[in-house]
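Results of the structural survey
Residues per chain, in single letters:
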Amino acid sequence: MLDEVYEVTRTDEEWRALLTPEQYQVMRRHGTERPGSCSLLREKRAGVFACVGCGQPLFRSGEKFESGTGWPSFDAPIEGALGETVDHSYGMTRTEVHCSRCGSHMGHVFPDGPPPTGLRYCINGVALAFEPE
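Here goes a summary of the coordinates provided. (Residues numbered from 1 in each chain as written. Predicted model: local features only at pLDDT ≥ 70, side-chain atom pairs only at ≥ 80, totals over all residues. Heavy atoms only, no water.)

As a further point, take the overall build of the protein. Within the protein one finds two helices and nine strands. Listing every helix and strand of the protein by position from the N terminus yields α-α-β-β-β-β-β-β-β-β-β. With the principal axes as the frame, the protein shows a C-alpha extent of 40 × 40 × 30 Å. Expressed as a percentage of its 133 residues, the buried residues of the protein come to 47%. Partitioning the intrachain contacts of the protein with sequence separation of at least 6 by distance along the chain shows that 56% fall at a separation of at least 24. (Helix = DSSP H or I, 4+ residues; strand = E, 2+ residues; numbered from the N terminus. Buried < 20%, exposed > 50% of the residue type's maximum accessible area, 1.4 Å probe, protein only. Contact = heavy atoms within 4.5 Å.)

Tallied over the entire structure, the rule returns four aromatic pairs. Considering the side-chain rings of Phe-49 and Phe-130, the 4.8 Å spacing of their centres and the 50° angle between planes classify their relative orientation as tilted. Of this pair, Phe-49 sits in strand 1 (residues 47-51) while Phe-130 sits in strand 9 (residues 128-132), placing them 81 residues apart in sequence. Across from the ring centre of Trp-15, 4.9 Å away, lies the NZ or CZ of Arg-10, which sits over that ring. (Phe/Tyr/Trp six-rings, centres within 6.5 Å; stacked < 30°, edge-to-face > 60°. Lys NZ or Arg CZ within 6 Å of the ring centre and 35° of its normal.)

In this section: the environment of Asp-87. Mapped onto the fold, Asp-87 is located in strand 5 (residues 82-87). Judged by its relative accessible area of 11%, Asp-87 falls in the buried class. Between the C-alpha atom of Asp-87 and that of His-108, which follows or precedes it by 21 residues, the distance is 8.8 Å. Residues within four places of Asp-87 in sequence aside, it is in contact with Met-92, Thr-93, Arg-94, Glu-96 and His-108. One polar contact links Asp-87 to Ser-89, side chain to side chain, over a distance of 2.7 Å. Here the side chain of Asp-87 touches His-108 through a polar contact of 2.7 Å, side chain to side chain. (Polar contact = N/O pair within 3.5 Å; in protein donor to acceptor, adjacent residues only side chain to side chain.)

This part is about the sheet that holds strand 1. Judged by pairing direction, the sheet is antiparallel, and its three strands sit side by side in the order 2-1-9 without closing on themselves. Single-partner strands in this sheet number two, and they are strand 2 (57-60) and strand 9. The average undirected angle you get between the axes of adjacent strands in this sheet is 30°. In this sheet, strand 2 lies alongside strand 1 in antiparallel orientation, the contact comprising three bridges. Following the sheet pairing, Phe-49 is matched in strand 2 by Phe-59. (Pairing = 2+ DSSP bridges. Axes fitted to C-alpha atoms, helices over the stretch in contact; angles between N-to-C directions.)

Okay, here's the thing in structure tokens:
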């Protein structure tokens, strides 16, 4: 992810200045926030969830659902908003998702979501900014 060239690029110092320590750990070091810790988990208003790192819209509120996992979950991103890479960490193989504009780590996608996509985008809330409509 971080070796690719993205439309929005920043030095490590610039990322550290822009993001909180928790956001930096999640978005630039592939960390994970504590489950249930993000206020966006309970966000139910109409609007758009965007990348904190660059402002790119990632998900519409109508795609959000309660997965019971402790992280905001969505069944589909806005077309072209996310890139995917294979993640082999922690002794398992998962599909990581990152912002296609700045490369920031968002979370993972799993094949256990609701219809119609059957996908669950499990996203770190600290990586998201909510913009109500």
